[in-house]
Amino acid sequence: MLVVSATASFIVTIDGPAGTGKSTVAHRLAKRLGLEFLDTGAMYRAAALTALERGIEPADGPRVAELVRGMDLHFDWTSDPPELFADGVAVGERIRTPEVTRAVSAVASNPLVRAAMVESQRLIAARHPRLVTEGRDQGSVVFPDADVRIYLDARPEVRASRRVDQLRVKGIITTEAEVLANIIERDRLDSSRRDGPLVCPNGAAVVDTSAIDIDEVIDRLEEIVRDRAGSVLVSPHRSGHRP
Ligand code: DC
């Protein structure tokens, strides 16, 4: 196990399309490294949820951006997984409904909304500078100087099949064809927007998760972080940490 020196600021960014297992991987990697985990997709989802609840059209960029700027979005990192609060209320699973998933692309494609989110994410990092952060633009736009940048990818068919399994666990039955079409459309929207498109950040380590399971992905990422982080990472022995 690796531990990041308690005093150092240290940011690992993980970007990539939906269905690569990014959230799970980022969450578990953060735990291994003793860092906090920032789920920026959850922040966009919370904005979409709040817009829907307040009767604001998700595609109405100026109004959603105003909403985001006035919103208190913060994580409670003492719970596991970290709990996101929007204006003091835990958003929980309400940000994962099909209705929010449909609305969030329109919210995330607006430059005004993205600017407000980027600001909010940098503010979080200023207060919590030891992070594994996960999203679409973390290594390319929000933290281009991050200590380690990673891009996770997987074939669309593999991502669709994983999503079908996840939905089945939640009791939602869909066909692989339907989920695949949805994934391809989201990839298109995420990659083609002008502002903060999904791209592989400069200097990022690319890991294709199509043929490897989640434990192997995490081992691989830990190895990449160890190789790139150099002296910021100290051994548990040297840091006095006990696993
Ligand atoms: O990772 P996710 O499915 O929870 O993300 C929800 C939406 O937010 C998805 O449409 C991509 C978008 N998103 C984004 O544009 N930029 C980020 N940093 C994170 C998510």
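Below: a short report on this structure. Quick caveat: nothing in here was measured; it's all calculated off a predicted structure. (Residues numbered from 1 in each chain as written. Predicted model: local features only at pLDDT ≥ 70, side-chain atom pairs only at ≥ 80, totals over all residues. Heavy atoms only, no water.)

**A word on the side chain of T133**
Mapped onto the secondary structure, T133 falls in strand β7 (residues 130-135). At 2.7 Å, the side chain of T133 forms a polar contact with the side chain of Q138. Each residue touching T133, except ones within four places of it in the same chain, is listed here: I11, V12, T13, I14, L38, T40, Q138 and F143. (Helix = DSSP H or I, 4+ residues; strand = E, 2+ residues; numbered from the N terminus. Polar contact = N/O pair within 3.5 Å; in protein donor to acceptor, adjacent residues only side chain to side chain. Contact = heavy atoms within 4.5 Å.)

**Looking at the site of the ligand**
Taken together, 16 residues sit near the ligand, with R45, R114, D137, R186 and R193 positioned nearest. R136 is positioned with one of its side-chain polar atoms (N or O) 3.1 Å from an oxygen atom of the ligand. Computed on the free molecule, the ligand has an accessible area of 450 Å², of which 97% lies beneath the protein chains in the complex. Contributing elements (two or more residues each) for the shell around the ligand: α2 (40-53), α4 (98-108) and α8 (176-192). Per-element tally for the shell around the ligand: the top contributor is α2, with four residues. (Near = heavy atom within 4 Å. Areas by Shrake-Rupley, 256 points an atom, 1.4 Å probe, with all protein chains shown as cover.)

**Some remarks on the side chain of R193**
Within the secondary structure, R193 sits in the loop between α8 and β9 (205-208). Only 3.2 Å separates the side chain of R193 from the backbone oxygen of D195, close enough to count as a polar contact.

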